[in-house]
Amino acid sequence: MGSEPKPTRISRRKFLNQVVGAGIAVGTAPFLPSGSAPARAAGVGAAPTLPTKTPATGPTPPLPAKNGWQGPMGVERIARLAPLGYQSSPQAASDDAIQWVQVDLGGPCALDHVKLFPMIDFGLSSQDFPVRFRVEAAGDAHFAAPVVLADCTGEDYPAPGDAVSIFPAGDVQARYVRITVTRLRDRQFQLSKLEVWSGGKDAAEGRPVSDSIHGDLGPIPLTRAPRGQGEGVVTDNPGNVIPSRQWRPVSYQAQTPTGGVRLGDGVFQTAMRNNIDYLLASASVDELVRPFRERAGKPVPAGLKPPIDFWDTDLPGSNAGRFLMGAGNTLRWTEHPELRARMDAIVDGIAECQRADGYLMAYPEETIFYSERGAYTRSWVTHGLIEAGFAGNPKAFPMLRRFYDWFDTCPALPELLRRAGQGVQGMIANTRTYFTPIGKPEDLQVIQRFFQENYWMDQLAKRDPKAIWQYPYDHPHNYLITSLEPYLDQYRATGAKKYWDAARGGWDLYHDNWEHVGGSIAICEFEPYPPHSYYLHKHTGELCGSVFWARYNQRFHLLSPGEEKYVAEIEKSIYNVGLANQAGGKGIRYLIHLAGHKDAATSHNTCCEGQGTRLLGSLPEYLYSTAPDGLYVNLFHASSIEWAQGGKTLHLTMETEFPFQSEVKLSVATRRPIQSAIRVRVPAWASKAMPIHVNGKRAVTGKPGSYVTLNRVWKSGDVVTFSLPMDFHLTRYVGMDPGFGQERFALEYGPILMALVGPTGGNKGERLNRDPDDLVKSLSPIPDQPLRFAVAGHAEHQYAPYWQVQEEEFTCYPVVGTSDPMTTEPDEPGNLALARLGAKASSDSEYANEPGGTARIIDDHFAPAGDLSHRWHSSLDTPHPHWIEVTLPRPVSLGCVVIRFADSDGRPVDFDGVARVNGKDKTIFQERGYADPLRYRAAFAPVITDTFRLVIRASANPAYANAAQISRIELYPPSR
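Predicted, not measured: the structure shown is a model, and the values here were computed from it.

Once that is clear, we can look at the overall build of the chain. From N to C terminus, the chain includes 19 helices and 41 strands. Over its C-alpha trace the chain gives a radius of gyration of 31 Å, about what one expects of a compact globule, namely 30 Å for 976 residues. Referenced to the eigenvectors of the C-alpha coordinate spread, the extents of the chain come out at roughly 100 × 80 × 55 Å. Sorting the 976 residues of the chain into buried and exposed places 61% on the buried side. In the chain, the share of contacts with a sequence separation of at least 24, taken over all contacts with a separation of at least 6, comes to 76%. By element, 51% of the accessible surface of the chain is carried by carbon and sulfur atoms, the whole surface being about 35300 Å². Placing the 99 positive and 106 negative side-chain charges of the chain at their respective mean positions leaves the two points 3 Å apart.

Below is the structure:
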């Protein structure tokens, strides 16, 4: 590659839209209060006389010649991805329309300087920054006698990229600051933030805003408080560094085997063979080493396949990392000459391109801020070299040490977290390197100083859901899991409790709020994913997230091996995501779709291919863990393990056809008798207690969700047998997916997520006409098709393991019930609040993911409580109070109101009913602390009105502090 990256035709977002699934519309709009008045003076009397000032014609210091990823360090920049603070919507008739926005500081202030923070995109380009404008100050809201602080109207102002425009104000005394735009860019202008500095602080923070289009806007994000770690890109915090002499390392209580496990026949072995086929077919050695050679100026053979848009062009070197992750993990367990030869050749190729100072990445050093190179690509290559090193390649670890000696003193470090795309995902590369044979304390201290986010750690420890789905930098999604792993690594190395608290809080947050039935992660990029949203028809279930989740849980398991829940999470991630997203040896899927058709498999170096091949190549390491006094049997698959204990070697063989059969047999072999503790997992999904026999005699009965310890002197020929109590488990859908009501259920068999295979539309649909309690009774095994079940009365459908579904149509959430939840049910007689009778509905806002909800409260569809598909839900971005209003075609006598709630957990608890009587608002009822989860009914003295408004001041669910939601408003005449 050249010194600068070439423009790419695709991005991660475009890939999700074009290749993986339907498009996503991303955008926000400023909060505009209903009926806002034109801007007006705030009662300050006559405008004071202000001193004149020679206006600046540009910012101080000047904007850098290059912005975004190319720009120099040491320039004040806005950290990506910043929220939208203000947008002058709707678009003007032309770019020459004059528009302004201003802030009221609340009183006269001596102004030091004004900062304009641009709105930026993923490429760090500014969006709709004004082309020509001036910055003015005044003592009155009308700007009768303004002082011009900066006049940039004479020529076009350069697009600032991510650089902040700073204009000195010279201690001018003023109460108002206005940005007047005389030439727009694309007929509008946007800012992320406006700051007005006075007396060492931002006097504009939290202050009300008005503009030339809408008038008074009140406090909006334009004057928001800074994000948790500030708005800038510099994150240099030497006070975070813990001297290594103060470290108190925390040892693992169990260890992951790095070898010595052999698989027998079964689903894991098949998956590993498929993974080898996928790797060998995906790219040649020359294609994988090409970007390293290009960066080093070495010749590249002709006739290679062109680089893959985005995944290769934006992230050069990641493809080699992907291959090394898959191959290195695989070769620890099974020898494959061709795979090893390619792995070694790739390492050799990278080594030939490593600079004398240790730098080895395929991207030129000066492009470290471009796209996700400094974090994603560096992590991929680091993971790959670590896996190659553990697989026996002699060059990988020394190469990696030389690189991290360079990286740990890299001049880009102070800005790498915020300027590099998703810089937070780069931490794992350092913490993993530390826990290799070549690790140094500096590998962790670099993370402490330049990447550690104390505010975020506090949020995580408090289990604040906003720490995940409203992470304030870059774009929150499942990649934050791989940013939690390093905090657990820091705890292991230093013993500092703050890291443990943050890591445990992160585990609870993901597990309790963003985990689908079956274990896939229910949050992705580019859209909001509130807690418990569990969307089924949006981008969720990214394979990357489940691999990170498995690795994260593995760390917890090794720290606390007696807690069964961590292995249970790994088991679900493997069966219901890892195996499910493998398409034989052809490719690996990106997302988990739980209804319709599975995602298309790809073989072009996506992030999910990289992490997927990493997981599939490492399957044997999850079966067992070793301890100083014995062994943990974690997962169940035909296999054997050999391990050392007390200077002696033990061998254990596991015979089972799980998950197709539940019987398990463990056979011990040792040269001489030895005391050892063999701990057998009794899964939490076990339907009852599990008897365990040793040499044919019952030794103990295990409780589901635990480990049973068999601590005894073992000799060759000893046998442990047990039968895993597998059974069906039905779970009602409780998410926010539009169109999914309470009568949809997911079915699991032991840890296996089941899919109902067959038509999911048309007359036959996906409805199983039986009570949920009777569904399991209607299932019968299909002969010669293990784990496949016929459904009585539904010959066109059958249940199959989700991981086995390939091209078939399916759903993991069929409707199960004898009554149709979508059938119209009548209101009480006389309801006037119906659209077909001429009623209209309006509201202050709607949730972006559920447009059109306002009209649903007065349609003919009667949605039962719990049907989240048919409701009005307010915006999540603006605080209470929220309101929703019904206007009747003519005034009537009203004496009763019924309000039905969609989500009992998020129902209104503080609310007012207001009727418009003779042109004035009259409160007809008021409730505080209302407790009924299903509905509210109020009868009152009759009023003549044509308008009823429900004003919601607080809702029951603290996780959604700004949310309001109902499913229906009914209005009735008196005498009810």
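Attention now goes to the side chain of Asp202. By the element assignment, Asp202 lies in strand S8 (residues 201-202). Looking at Asp202, its side chain comes within polar contact range of the main-chain nitrogen of Ala204, at 3.0 Å. With sequence-adjacent residues up to four places away left out, Asp202 is seen in contact with Lys193, Leu194, Glu195, Val196 and Trp197.

So, on to the sheet that holds strand S15 (residues 624-627). The sheet built from four strands is open, its strands ordered S15-S16-S20-S23 with mixed pairing. Every other strand in the sheet has two partners, leaving S15 and strand S23 (706-714) as the edge strands with one partner each. Averaged over neighbouring strand pairs, the angle between their axes works out to 20° when direction is ignored. Of the pairings in the sheet, the one linking strand S16 (residues 630-633) to strand S20 (residues 674-682) comprises four bridges and is parallel in character. What sits directly across from Leu631, in S20, is Ile678.

With respect to the secondary-structure elements, Asn478 resides in the loop between helix H12 (466-469) and helix H13 (481-494). Relative accessible area serves as the criterion here: at 0%, Asn478 is assigned to the buried category. There is a polar contact of 3.0 Å between the side chain of Asn478 and the side chain of Glu542. Among residues more than four places away in sequence, those in contact with Asn478 are Tyr510, Ile521, Ile523, Cys524, Glu542, Cys544, Gly545 and Phe548.

What follows covers the packing of aromatic side chains. If you walk through the whole model with that rule in mind, you get 58 aromatic pairs. With 5.5 Å between their ring centres and 80° between their planes, Trp507 and Tyr566 make a pair best called edge-to-face. One end of the pair, Trp507, is in helix H14 (residues 497-513); the other, Tyr566, is in helix H16 (residues 565-578), and 59 residues separate them in sequence. By way of ring pairs, the aromatic residues Tyr491, Trp500, Trp507, Tyr510, Trp514, Trp549, Tyr552, Phe556 and Tyr566 are connected into one cluster. The ring of Tyr802 carries Lys598 above its face, with NZ or CZ at 4.3 Å from the centroid. One residue, Arg712, lies across the ring of Trp714, its end atom 4.9 Å from the ring centre.

Next up on the list: the pattern of salt bridges. Note on pairing: side chains with opposite charge can pair once their charged atoms come close. Under the criterion given, the structure shown has 53 salt bridges. Its salt-bridge partner being Asp912, residue Arg928 comes within 2.9 Å of it at the nearest N-O pair. You can see Arg928 sitting in the loop between strand S38 (920-927) and strand S39 (935-955) and its partner Asp912 sitting in strand S37 (residues 908-917), a full 16 residues away along the chain. A relative accessible area of 5% places Asp912 in the buried class. Between Asp912 and Arg953 there is a salt bridge whose closest N-O contact spans 2.8 Å. Linking Asp912 in strand S37 with Arg953 in strand S39, this pair joins segments that are 41 residues apart in sequence. In the salt-bridge network here, residues are joined through shared partners; they are Arg401, Asp405, Asp408, Lys440 and Asp443.

Procedures and definitions
All chains use their own residue numbering, which begins from 1 and follows the written sequence. Since the coordinates come from a predicted model, pLDDT governs what is reported: local features require at least 70, and pairs of side-chain atoms require 80 or more to be given and counted, while whole-chain, interface and lining totals use all residues. Calculation of side-chain values draws on the structure's entire complement of heavy atoms; hydrogens and water are dropped beforehand. Helix and strand definitions here come from DSSP, where helices need a minimum of 4 consecutive H or I residues and strands a minimum of 2 consecutive E residues; each element is numbered from the N-terminal end. Here the globule rule reads 2.2 Å times residues to the power 0.38, and the radius of gyration is calculated from C-alpha atoms. Here's how the labels work: a residue is buried when its accessible area is under 20% of the maximum for its type, exposed when over 50%, partly exposed in between, all with a 1.4 Å probe on protein chains only. Two residues qualify as a contact provided that any one of their heavy atoms is within 4.5 Å of a heavy atom in the partner residue. For the accessible areas, the method is Shrake-Rupley and the probe is 1.4 Å, while residue cover comes only from the protein chains on display. His is not counted, nor are the chain ends, whereas Lys and Arg count as positive and Asp and Glu as negative. To locate a charge, take atom NZ for lysine, CZ for arginine, CG for aspartate or CD for glutamate. Under this definition, polar contacts are N or O atom pairs within 3.5 Å; protein pairs additionally need one hydrogen-donor-capable and one acceptor-capable atom, and for neighbouring residues in sequence, both atoms have to be side-chain atoms. Strand pairing is defined by DSSP finding a minimum of two bridges between the two strands. The axes used here are C-alpha line fits, helices contributing only the stretch in contact, and every angle between their N-to-C directions lies in the interval 0 to 180 degrees. Centres within 6.5 Å make a pair out of two Phe, Tyr or Trp rings, where for Trp the six-membered ring is used; the pair is then stacked when the planes are under 30 degrees apart, edge-to-face when over 60, and tilted otherwise. Distance and angle both matter: a charge sits over a ring if NZ of Lys or CZ of Arg is within 6 Å of the ring centre and within 35 degrees of the ring normal. In what follows, salt bridge is the name for a side-chain nitrogen of Lys or Arg lying within 4 Å of a carboxyl oxygen of Asp or Glu.

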